[in-house]
Amino acid sequence: MKHEVPPLSLHVPEAHFRPGDTPDFGYLDLPAAGEAQRPPMDAKASETRELAFGLVRVLDDEGKAVGPWDPKLDAETLRKALRAMMLTRAFDEQMFKVQRQGKTSFYLKCTGEEAVAIGQVFALEPGDMCFPSYRQQGLLIGRGWPIFDMMCQIYSNALDRLKGRQLPVLYSAKEAGFFSLSGNLATQVPQAVGWAMASAYKHDRHIAAAWVGEGASAEGDFHHGLTFAAVYHAPVILNLVNNQWAISSSQGVAGGEEATFASRAIGFGIPGIRVDGNDLLAVYAVTRWAAERARSNHGPTLIELFTYRVAPHSTSDDPSRYRPGNEEKFWPLGDPIERLKQHLIGLGEWSEERHAEQATALQEEVRAANGQAQSHGILSDGPHHEAGTMFEDVFKEMPWHLREQQAELERFNARAEEEGA
C-alpha cells in the first residue's frame, strides 16, 4: 500500500494578540530576578548559552536588587539615571505634541524603553562611539547633550546643525560620540564593527556600540556585521532591542518565536546575553560586562534587550490596527521609570514627593527649551536654510560637476534678484 505524503504547508508567524483580544503574557518563560549567573569576562560563546536563552534580571518584584549581576550602583548615580529617564520621557511627550500641532513633520517616542539607552550610556565611557537607531534619543540625554540642540534638529530651523537635510529624529552629534542616524535598517551594525576594528587597529582604548530593533535583525547588514565582529574580535557591543513589534508586524516575523535573538550570536562564536530591558540595573550590569570584555580584547557581545514598545512606532503609525489598544498594561516587566523609582524609595534615597517635584521641574525645563528652539523657527513656517547649503559639508574638495551646479544656482538667484528689483 502506497504511503500518502501530505502536501507541504508554509508557516506564517502570527502575533499572539490582535485588536479585540485580551493580552495574556503567561506564555513568556521569565526567570526570577537574581537567577542568571555572571560568567567570567573572557567566557566563550558556548558558555553563554543559558544567558542567551534566559533573562538577566536584577530588580525583583519588590524593587530590591538581587543576584550576581547587581552592579551595586551608588544612590547618586541611580538618581541621575532616574532623572535622565524622566527627562527623556518628558522630551518625548513635548515633541510628540508639537508634531501633532504641525510644527514638525515626524516624531518617534521611546516610551517604556528609556532604561535601554540610559542604562547603556551610563555603562559606557565618554569616548566610546554610539551607532544608534531612531529610538535611542536617551543616549544623547544621558550624555548631557542639550535638548535645545535636539529640538533645533527636529524643527530643521536656523540653528539646525544638519541644515534641514535629515528626517527630524535622525540626530547627529559628533561631539557626543553619537554617529549620524540613518533611516535605512541595520546599517548601524557594520558601521559600528568597522569603527571598532579601526579603533583596535590604531591601538586606541575606545569601543563602539550599535543599536537595532528586532525587525532589523532580518536584514543582511546585521549578519554581515556579526561575521566581521566575530572574525576580527572587534571591540564592539551589538545591541538588539526586542520591543515585540516592528511598525505592523510582531517579533515572530523576524524569527523571534523560533529562538531568542541573543542566541543567534552563539553560532557566530559571539557571546549572547538576553536582559530585562525595563530593569536599569540589569541593563547597566550586562552592558558594563560587555564593555569591559571588549576593552580587554576579548571581542564582541550581542545583547538582546527584552522590552516592550508602549508608544506607536512613530507619528505615522496607528498600532490599534494591529495590536490590542491596552496591550502595554499587561506587559509583565513593568515600567522602567516606576521600577527604578521604587528601588530608590526602598533604599530610603527617594520619595513620591521628590519624584513628583522632579517630574514637574523637568516638564518646565523641556517647555522652556522648546520655546527657545521655536524662536529660531519651525519646520512648517521656517526660516529655512538657503538652497545653496546643499553643496556644503559633503566633500573636502567639491567635484567639478557640483561646482558647475553651484554656479548655475548662483546665476539663477542673481537673475531672480534683478527681476524682483
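To be clear, the structure that these remarks concern was listed above.
Predicted, not measured: the structure shown is a model, and the values here were computed from it.

Asker: Would you mind showing me how to read the overall build of the chain here?
Answerer: Within the chain, the secondary structure is distributed over twelve helices and five strands. Compactness check: the chain gives a C-alpha radius of gyration of 23 Å against a globular reference of 22 Å for 421 residues, within 12% of the reference. Summarising its shape, the C-alpha atoms of the chain cover approximately 85 × 70 × 55 Å along the three principal directions. The buried share of the chain, reckoned over its 421 residues, is 51%. Here the analysis covers contacts within the chain between residues at least 6 apart in sequence; of these, 75% occur between residues at least 24 apart. Per element, the accessible surface of the chain, about 20000 Å² overall, is 52% carbon and sulfur. Distance between charge centres in the chain, computed from 41 positive and 57 negative side chains, equals 2 Å.

Asker: So what exactly am I meant to see when it comes to the environment of Asp276 here?
Answerer: Mapped onto the secondary structure, Asp276 falls in strand E4 (residues 272–276). Each C-alpha atom, one on Asp276 and one on Ala115, is 9.6 Å from the other, the two residues being 161 residues apart in sequence. Polar contacts involving the side chain of Asp276 include one to the main-chain amide nitrogen of Asn278, which spans 2.9 Å. Within polar-contact distance, the side chain of Asp276 engages the side chain of Arg339 at 2.9 Å.

Asker: When you look at the pairing of strand E5 (residues 301–306) in this model, what are you seeing that I'm missing?
Answerer: Within a regular beta strand, the side chains point alternately toward one face of the sheet and then the other, so they alternate between its two faces. Within E5, six of the six residues are buried, leaving the element largely enclosed by the surrounding structure. Burial of E5 is two-sided: the residues Thr301, Ile303 and Leu305 facing one way and the residues Leu302, Glu304 and Phe306 facing the other way are all buried. For strand E3 (residues 236–242) and E5, the ladder comprises six bridges, and the chain directions are parallel. Bridged to Val241 within E5 is Leu305. As judged from the five bridges shared by E4 and E5, these two strands associate in the parallel manner. In the sheet register, Val275 faces E5, and the bridge partner there is Leu305. Traced from E4 through helix H9 (residues 280–295) to E5, the parallel crossover comes out right-handed.

Asker: Mind showing me how you'd approach the packing of helix H3 (residues 114–123) against H9 here?
Answerer: Between two packed helices, what matters for the description is the angle formed by their axes and the separation of those axes. At a closest axis distance of 8 Å, the pairing of H3 and H9 adopts a crossing angle of 40°. In terms of axis orientation, H3 runs oblique to H9. Seen along the crossing, H3 lies across H9 with a hand that is right-handed. Across the interface between the two elements, Ala115, Val116, Ile118, Gly119, Gln120, Phe122 and Ala123 of H3 pack against Leu280, Val283, Tyr284, Thr287, Arg288 and Ala291 of H9. Looking at the contact of H3 with H9, its residues break down into nine nonpolar, three polar and one charged.

Asker: Looking at this structure, how should I read the side chain of Thr187?
Answerer: Residue position: Thr187 is located in the loop between helix H5 (147–155) and helix H6 (188–201). For Thr187, a relative accessible area of 13% gives the class buried. Those residues in contact with Thr187 that lie beyond four places of it in its chain are Ser182 and Asp221.

Asker: Looking at this structure, I do not really get H5. What am I missing?
Answerer: Helical geometry: 3.6 residues make up each α-helical turn, so side chains three or four residues apart lie on a common side. Of all nine residues in H5, eight are buried, a share of seventy percent or more. Looking only at H5, the buried set comprises Ile147, Asp149, Met150, Met151, Cys152, Gln153, Ile154 and Tyr155. Those residues of H5 that are buried lie in contact with helix H2 (75–100), helix H4 (137–142) and helix H11 (352–374). In the segment just after H5, Ser156 is the residue with positive phi, at about 50°.

Asker: Looking at this structure, how should I read the pairing of E3?
Answerer: With seven of seven residues buried, E3 lies mostly within the body of the structure. Residues Val236, Leu238, Leu240 and Asn242 line one face of E3 and the alternating positions Ile237, Asn239 and Val241 line the opposite face, and both faces are buried. Judged from the six bridges that link them, strand E2 (residues 208–213) and E3 form a sheet pairing that is parallel. Bridge pairing in E3 links Trp211 to Asn239. Each parallel crossover has a hand, and for E2 linked through helix H7 (residues 220–232) to E3 it is right-handed.

Asker: Help me understand unusual backbone geometry in this model?
Answerer: Glycine aside, the phi torsion of most residues is negative, and most peptide linkages are trans. Residues Gly382 and Pro383 are joined by a peptide bond in cis, for which omega reads 5°. Mapped onto the elements of the fold, Pro383 is located in the loop between H11 and helix H12 (400–420). Backbone geometry places Gln244, a non-glycine residue, at a positive phi of 80°. Relative to the assigned elements, Gln244 resides in the loop between E3 and helix H8 (264–268). Residue classification places Gln244 among the buried positions, given a relative accessible area of 6%.

About the criteria used
Residues numbered from 1 in each chain as written. Predicted model: local features only at pLDDT ≥ 70, side-chain atom pairs only at ≥ 80, totals over all residues. Heavy atoms only, no water. Helix = DSSP H or I, 4+ residues; strand = E, 2+ residues; numbered from the N terminus. Rg over C-alpha atoms; globule rule 2.2 N^0.38 Å. Buried < 20%, exposed > 50% of the residue type's maximum accessible area, 1.4 Å probe, protein only. Contact = heavy atoms within 4.5 Å. Areas by Shrake-Rupley, 256 points an atom, 1.4 Å probe, with all protein chains shown as cover. Lys, Arg positive; Asp, Glu negative; His and termini not counted. Charge placed at Lys NZ, Arg CZ, Asp CG, Glu CD. Polar contact = N/O pair within 3.5 Å; in protein donor to acceptor, adjacent residues only side chain to side chain. Pairing = 2+ DSSP bridges. Right-handed = clockwise from strand over helix to strand, strands pointing away. Axes fitted to C-alpha atoms, helices over the stretch in contact; angles between N-to-C directions. Parallel < 35°, antiparallel > 145°, perpendicular 65-115°, else oblique. Left-handed = near helix turned anticlockwise from the far one by under 90°. Nonpolar A, V, L, I, M, F, W, Y, C, P; charged D, E, K, R; others polar.

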